[in-house]
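The residues making up each chain are set out below.
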Amino acid sequence: MKKFDIFRQFRDAVIILNKKREVVYRNHTFKRWFKDFTNLKKLSHHSSFDICPLNSENIEIYSPIYHAIISKENFFARISYQSELNRILYYDLQAVKKGNYTILFFTDVSAQNELTDIYRENEKLKEKIKLLSDENEDLQKIKRKAQSQAIRIALINKVSNIIRESIDISQILQSALKELSIMFGAYKAYYAKADKKGFIVEEIYGLKKSKMPHVINFDEKTSETIAAKEISVCNSLMEYADAKPFKQPVLRIIVPVHQMQNLTGIIVLLCYQKRGLNEEIEILEAISSQLSNAITRAELYQKNIQTVKELQNALKELKETQIQLINSEKMASLGQLVAGVAHEINTPVASIKSNNGIVAKLLDSIEDTELKDMLTDINEIDKEAVNRISNIVTSLKKFVRLDEAELQEADINKELDLTLELIRHETKNRIEIIKNYGEIPAVKCFPNMLNQVFTNILINACQAIEGKGTITITTEYKDKKLIVKIKDTGKGIPKNRLSKIFTAGFTTKSSGIGTGLGLAICSKIIEKHKGEIIVNSEIGKGSEFIITICGK
């Protein structure tokens, strides 16, 4: 509109609204400054008062554009405007009412605001510079002191961390001596343990331990300082009493290491440079305290490790003794039981055998042929039964053999047959026994103990076979060693249990069926024979126990 052309030359942004609050004019400056302008509502939304203490739920109340439009009088306010790029700009907003129009002028004061802020900031900085200038000397002193303190703390922490990371006394001492040598520029550093005769050098950094005498002592004055648990610092011509003199004085630092009231040892540092020690004394005292605690802790740890080892060995021996006692008691009870049962069986068997002999003599006097044949058959059956009972009793006696406390030569093939005879009730009509016996010499062993091993493994094999199956027994003599293999076609043992089956108390059987001692006892018996027993197993295919015994 030509009547508004006057506003084209304005440096401020101008926007004109009619009574209906419709935008009827925008000058070039407005278009340049507010490129994102689309409508008055959006402009109002992006504008706000620089300071707005109002509290209202009506969002328009916070918009200066809104107030400028509804104001009946001329309106002025400093506003902030958030552009599309989220940049905050500041304007002086002035609304002028002219007839049917409201003219809004936007004067850019962002630079002025920034200049004002910079000015204020400069004033603050000048005040700070003045304060810093006034306190500079004190701050420099504090800085130097803080740096010195930080170095001390850093060194103490470093040594402390090194000490805490290890429980090895030698490593702890070497690490501490190394750090102290670096800090004090020492060409030699060592730790000597306190002894009744003097000090015994235990760890050296810089030289070999062999170059030091077994025991060292110091002059009377130095000894008194150490006894008082104080650090000795002096320029000395001798490292210790009776040592070879130096060509020139050497700075010698002796730091006592003590636990409570007891002197545990000393740290000795030798330096070529001559200088006084002020703040470093605190470092040495702190490290001495840390080192003392670390040495005590390490010694206690070593004692604990030794105690644990002794307890573990004692527990192992106790378990082995327990297994041996259980086995001995079981075998003793079995021997007594077998002896009693054998005695009780022998009496009626002898009576039956005697009657059997009498009947055999009377058979010739019987005239009835049919009756004679029937009684002859019965007598033969009874005779065979009596012999069977006698053989079982004899096998039982041989099996327990409690009087065999010494090594004896035995035919292992025969011992296996003896064992198979005793467990015949487990295998009869169900399990086929395959014997692959080799030609083996008599072996020195404890037959009753080996029979116990064979019995346990064979019984386990029978119980592992569900229904019908096969047990294969193989014996061979190779490289002066007797090898017995017992293989079954049972259900097998899971891999995660194979490593545990010789452990006392472990069993794969149901609760109340197995004690978990059988194979543990077998393992101990084979160990007593200086042999070994291993097992190979696969689920669904069976297990194989391999026993190896020295054949000497």
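The rules behind these values
Residues numbered from 1 in each chain as written. Predicted model: local features only at pLDDT ≥ 70, side-chain atom pairs only at ≥ 80, totals over all residues. Heavy atoms only, no water. Core = buried A, V, L, I, M, F, W, Y, C linked by side-chain atoms within 4.5 Å. Buried < 20%, exposed > 50% of the residue type's maximum accessible area, 1.4 Å probe, protein only. Helix = DSSP H or I, 4+ residues; strand = E, 2+ residues; numbered from the N terminus. Contact = heavy atoms within 4.5 Å. Patch = residues over 30% accessible without salt bridge, like charges linked within 9 Å, V, L, I, M, F, W, Y side chains within 5 Å. Areas by Shrake-Rupley, 256 points an atom, 1.4 Å probe, with all protein chains shown as cover. Salt bridge = Lys/Arg side-chain N within 4 Å of Asp/Glu carboxyl O. Axes fitted to C-alpha atoms, helices over the stretch in contact; angles between N-to-C directions. Left-handed = near helix turned anticlockwise from the far one by under 90°. Nonpolar A, V, L, I, M, F, W, Y, C, P; charged D, E, K, R; others polar. Phe/Tyr/Trp six-rings, centres within 6.5 Å; stacked < 30°, edge-to-face > 60°. Lys NZ or Arg CZ within 6 Å of the ring centre and 35° of its normal. Parallel < 35°, antiparallel > 145°, perpendicular 65-115°, else oblique. Pairing = 2+ DSSP bridges.

### Re the nonpolar core
Thought 1: Ranked by size, the top nonpolar core spans 38 residues in total, and within it Ile412, Phe454, Ile457, Ile471, Val484 and Ile547 carry the most contacts.
Thought 2: For this core, the secondary structure elements donating two or more residues are α9 (412-422), β14 (443-445), α11 (447-464), β15 (469-478), β16 (481-488), α13 (518-528), β17 (532-538) and β18 (542-550).
Thought 3: Broken down by element, the residue count for this core peaks at nine residues, all from α11.
Thought 4: Not counting residues within four places of it along the chain, the set of residues in contact with Val484 comprises Ile412, Leu416, Phe454, Thr474, Thr475, Phe545, Ile546 and Ile547.

### A word on a nonpolar patch on the surface
Thought 1: Together, Leu371, Met374 and Ile378 make up an exposed nonpolar region whose accessible area comes to about 250 Å².
Thought 2: Structurally, Met374 can be placed in helix α8 (residues 369-400).

### A word on the packing of α11 against α13
Thought 1: Close contact between α11 and α13 brings their axes to 9 Å; oriented N to C, the two are set at 145°. For α11 against α13, the interelement crossing comes out left-handed. Residues Met449, Leu450, Gln452, Val453, Asn456, Ile457 and Asn460 of α11 form the contact with α13, whose participating residues are Gly518, Leu519, Ile521, Cys522, Ile525, Ile526 and Lys528.
Thought 2: Across the contact of α11 with α13, the residue classes tally to nine nonpolar, four polar and one charged.

### Points about the packing of aromatic side chains
Thought 1: Tallied over the entire structure, the rule returns 16 aromatic pairs.
Thought 2: Ring geometry for Phe34 versus Tyr91: centroids 5.3 Å apart, planes at 40°, classification tilted. You can see Phe34 sitting in the loop between α1 (28-33) and α2 (40-46) and its partner Tyr91 sitting in strand β5 (residues 88-98), a full 57 residues away along the chain.
Thought 3: Owing to a relative accessible area of 1%, Phe34 belongs among the buried residues under this scheme.
Thought 4: Three or more aromatic residues joined by ring pairs make a cluster, and in this case those are Phe30, Trp33, Phe34, Phe37, Tyr81, Tyr91 and Phe106.
Thought 5: Note that Lys528 overlies the ring of Phe446, its terminal NZ or CZ placed 4.7 Å from the centroid.

### Brief notes about the packing of α9 against α11
Thought 1: Contact geometry for α9 and α11: axes closest at 9 Å, N-to-C directions at 50°. Between α9 and α11, the angle is such that the two are oblique. For the pair α9 and α11, the crossing hand works out as right-handed. Across the interface between the two elements, Ile412, Glu415, Leu416, Leu418, Thr419 and Leu420 of α9 pack against Pro447, Leu450, Asn451, Phe454, Thr455 and Leu458 of α11.
Thought 2: For the contact of α9 with α11, the residue count by class is eight nonpolar, three polar and one charged.

### Focus on the sheet that holds strand β13 (residues 431-436)
Thought 1: Taken in spatial order, the five strands make up an open sheet running β13-β15-β16-β18-β17, and their pairing is mixed. Strand pairing shows two members of the sheet lacking a second neighbour, β13 and β17, which therefore form its edges. Each adjacent strand pair in this sheet contributes to an overall mean axis angle of 15°, direction not counted.
Thought 2: Against the sheet, α13 contacts β17 and β18, and its axis sits at roughly 25° relative to β18.

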